[in-house]
Amino acid sequence: MNNEEYPLPTLIRLNEVKRRTGLSRSTIYKWMNENRFPAHKRVGQKAVAWLEQDITRWIDGVSRG
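Residues numbered from 1 in each chain as written. Predicted model: local features only at pLDDT ≥ 70, side-chain atom pairs only at ≥ 80, totals over all residues. Heavy atoms only, no water.

Brief notes about the pattern of salt bridges
We count it as follows: Criterion for a salt bridge: a side-chain nitrogen of Lys or Arg within 4 Å of a carboxyl oxygen of Asp or Glu. Comment: elements are numbered from the N terminus, with helices defined as DSSP H or I runs of at least four residues and strands as E runs of at least two. When a residue's accessible area, from a 1.4 Å probe over protein chains only, is under 20% of the maximum for its type it is buried; when over 50% it is exposed; and in between it is partly exposed.
Under the counting rule described, the total for this entry stands at six salt bridges. Between arginine 20 and glutamate 52 there is a salt bridge; the shortest N-O distance is 2.9 Å. In this pair, arginine 20 sits in helix H1 (residues 14–21) while glutamate 52 sits in helix H3 (residues 52–64), placing the two residues 32 residues apart along the sequence. Judged by its relative accessible area of 25%, glutamate 52 falls in the partly exposed class. For lysine 30, the salt bridge goes to glutamate 34, with nearest N and O atoms at 2.9 Å.

Digging into the packing of H1 against H3
Operational definition: For helices, the fitted line uses only the C-alpha atoms of the stretch in contact; every axis is such a line through C-alpha atoms, and the angle between N-to-C directions lies from 0 to 180 degrees. Roughly parallel covers angles under 35 degrees, roughly antiparallel covers those over 145, roughly perpendicular covers 65 to 115, and oblique covers all other angles. Left-handed describes a crossing whose near helix is turned anticlockwise from the far helix by less than a right angle; the clockwise case is right-handed. Two residues qualify as a contact provided that any one of their heavy atoms is within 4.5 Å of a heavy atom in the partner residue. The classification used treats Ala, Val, Leu, Ile, Met, Phe, Trp, Tyr, Cys and Pro as nonpolar, Asp, Glu, Lys and Arg as charged, and all other residues, Gly among them, as polar.
In the contact formed by H1 and H3, the axes pass within 11 Å of each other and the chain directions differ by 20°. Classified by the angle between their axes, H1 and H3 sit roughly parallel to one another. When you trace H1 past H3, the crossing you get is right-handed. Contacts between H1 and H3 involve Val17, Arg20 and Thr21 on the former and, on the latter, Glu52, Ile55, Thr56, Trp58 and Ile59. Grouping the constituent residues of the contact of H1 with H3 by class yields four nonpolar, two polar and two charged.

Points about unusual backbone geometry
In this structure, asparagine 35 takes a positive phi of about 60° despite not being glycine. Structurally, the position occupied by asparagine 35 is in the loop between helix H2 (25–33) and strand S2 (41–42). On the accessibility criterion, asparagine 35 (72% relative accessible area) is exposed.

Rendered as structure tokens:
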């Protein structure tokens, strides 16, 4: 098995999601609750992260209108 064939997903934390999207923490969580933004994944007892590909797809969708 080759990592190039099956790359591991990249997880990004809230500060990076905010930087990439320009959204505030409260807007991100509000839109998640409204199913307008990708859901986070739990990565620890008190830690969450988003799949980078989900955020990239969301940004691409918004930019296309």
